[in-house]
Amino acid sequence: MSSEKEPLFSAKNLKLITTPLGAQNPITIQVLGICSALAVTVKLEPAIVLSISVMFVTVFSNLIISLLRNTIPARIRIIVQLVVVASLVIIVDQVLKAFAYEVSLQLSVFVGLIITNCIIMGRLEAFALGNKPWPSVLDGIGNGAGYGFILIVVAFFRELLGTGFLTLPGLGAIQIIPDVFYQWGYANNGFMILPPMALVVVGIIIWVQRSRNKDLIES
């Protein structure tokens, strides 16, 4: 008798999505992708767009490499992975220039640098090359979402506390802190929009995460 097929969204498969959001987050636990956390989190809009872009590349590169895993010679696997990722990044870059040109200018070279993102190459090497397409897709979704979640949280607090506004795709800048607060003496924290504050906010997130989960604290 043939063994029963595993459900698409079994507990094992769902962990591929949920684990990178917490206990194995690529930024706060694995300390990958820190450069973009510094560079694109001054405003919420570019952080959201880059998060979606990285998730797209992670999911489809995982899928493609998984489909080709039995045909890729071990000696050239890194080259094949780079070609696949570079092709997907070019698609993302051209779509952004066509439909979100202003955001594309804000992201500058960081769209192209998705090619060298440690998270993407790491998942291709550690997971997609050794697993079937569906788990690889879920792994890409989980790690892309885990990366994007931290970027969005950091950008949210940096822009809100630094300017009093939040910029959202398609909506532009929205004032969140009302004018009456400024009349009462509230002032924006200009330090929040400086690059070092991204590391500070990430550090606070890491501290909160480890405070809630003692297993993450290194002995």
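From a predicted model like this one, the values you see are computed outputs, not experimental measurements.

Over its 23 residues, helix α4 (residues 77-99) runs 33 Å from end to end, which matches the ideal 33 Å to within 8%, given 1.5 Å per residue. Looking only at α4, the buried set comprises Q81, V84, V85, L88, V89, V92, D93 and L96. Next to the buried residues of α4 lie α3 (44-68), α5 (101-107) and α6 (118-126).

With that settled, the discussion passes to the side chain of S61. Structurally, the position occupied by S61 is in helix α3. S61 sits in the buried class, given a relative accessible area of 0%. A polar contact is formed between the side chain of S61 and the backbone oxygen of T58, at a distance of 3.2 Å. Dropping the residues within four chain positions of it, S61 is found in contact with V84, V85, L88, I120 and L124.

The next subject is the environment of S61. In this structure the C-alpha to C-alpha distance between S61 and V83, which are 22 residues apart in sequence, comes to 9.8 Å. Within the structure, S61 has its side chain in polar contact with the backbone oxygen of V57 (distance 2.6 Å).

This next bit is on a nonpolar patch on the surface. Among the surface-exposed residues, F56, F60, I91, V95 and F99 lie close enough to one another that they form a single nonpolar patch of about 500 Å² accessible area. Ranked by residues supplied to the nonpolar patch, first place goes to α4 with three residues. Looking at the secondary structure, you find V95 in helix α4. Taking relative accessible area as the criterion, V95 reaches 43% and is therefore assigned partly exposed.

We now examine the UniProt feature "transmembrane region" (unreviewed entry) in the chain. Residues annotated in UniProt with the feature "transmembrane region" (unreviewed entry) correspond here to residues 48-68, 80-99, 105-124, 145-166 and 186-208. The straight-line gap between the two end C-alpha atoms of residues 186-208 is 26 Å; of that span, 57% is helix and 0% is strand.

Pairing between strand β1 (residues 165-168) and strand β2 (residues 172-175): four bridges, direction antiparallel. Each residue of the ladder has a partner; that of L168, found in β2, is G172. Between β1 and β2, which pair antiparallel in sequence order, lie three residues; one of them, G170, sits at a positive phi of approximately 85 degrees.

On to the packing of aromatic side chains, then. Counting across every chain of the model gives four aromatic pairs. Both rings, one in F156 and one in F157, keep their centres 5.2 Å apart while their planes meet at 90 degrees; by these two values the pair is edge-to-face.

Every α-helix carries 3.6 residues per turn, so stepping three or four residues along brings you back to the same face. By the burial criterion, the buried members of α6 are I119, I120, M121, R123 and L124. Capping the start of α6, N117 holds a side-chain oxygen 2.9 Å from the backbone nitrogen of I119, two or three residues further along.

Moving on: the confidence of the model for the chain. Averaged over all residues, the pLDDT of the chain is 86; the fraction at 70 or higher stands at 97%. Within the chain, α3 carries the highest mean pLDDT (93), whereas helix α2 (residues 34-39) carries the lowest (74).

Bringing the nonpolar core into the picture now. Ranked by size, the top nonpolar core spans 34 residues in total, and within it L50, V57, L107 and I114 carry the most contacts. Take this core: its biggest share by element is six residues, from α4.

Moving on, we come to the packing of α4 against α6. Describing two packed helices takes the angle between their axes plus the distance from one axis to the other. It is the contact of α4 with α6, at a shortest axis distance of 11 Å, that shows an interaxial angle of 130 degrees. It follows that α4 is oblique to α6 by the angle criterion. With respect to the hand of their crossing, α4 and α6 are arranged in right-handed fashion. Only I120, M121, L124 and E125 of α6 make contact with α4, whose side of the interface consists of R77, I78, Q81, L82 and V85. For the contact of α4 with α6, a count of residues per class yields six nonpolar, one polar and two charged.

Packing of α3 against helix α7 (residues 133-163) leaves a shortest axis separation of 8 Å and a crossing angle of 165 degrees. If you check the angle between α3 and α7, you find them roughly antiparallel. In this structure, α3 meets α7 at a crossing whose hand is right-handed. Here the contact of α3 with α7 is built from residues that sort into 18 nonpolar, eight polar and two charged.

Calculation criteria
- Residues numbered from 1 in each chain as written.
- Predicted model: local features only at pLDDT ≥ 70, side-chain atom pairs only at ≥ 80, totals over all residues.
- Heavy atoms only, no water.
- Helix = DSSP H or I, 4+ residues; strand = E, 2+ residues; numbered from the N terminus.
- Expected span 1.5 Å × (residues − 1).
- Buried < 20%, exposed > 50% of the residue type's maximum accessible area, 1.4 Å probe, protein only.
- Contact = heavy atoms within 4.5 Å.
- Polar contact = N/O pair within 3.5 Å; in protein donor to acceptor, adjacent residues only side chain to side chain.
- Patch = residues over 30% accessible without salt bridge, like charges linked within 9 Å, V, L, I, M, F, W, Y side chains within 5 Å.
- Areas by Shrake-Rupley, 256 points an atom, 1.4 Å probe, with all protein chains shown as cover.
- Salt bridge = Lys/Arg side-chain N within 4 Å of Asp/Glu carboxyl O.
- UniProt positions renumbered as here; feature names shortened; annotations may be inferred.
- Pairing = 2+ DSSP bridges.
- Phe/Tyr/Trp six-rings, centres within 6.5 Å; stacked < 30°, edge-to-face > 60°.
- pLDDT = per-residue confidence, 0-100.
- Core = buried A, V, L, I, M, F, W, Y, C linked by side-chain atoms within 4.5 Å.
- Axes fitted to C-alpha atoms, helices over the stretch in contact; angles between N-to-C directions.
- Parallel < 35°, antiparallel > 145°, perpendicular 65-115°, else oblique.
- Left-handed = near helix turned anticlockwise from the far one by under 90°.
- Nonpolar A, V, L, I, M, F, W, Y, C, P; charged D, E, K, R; others polar.

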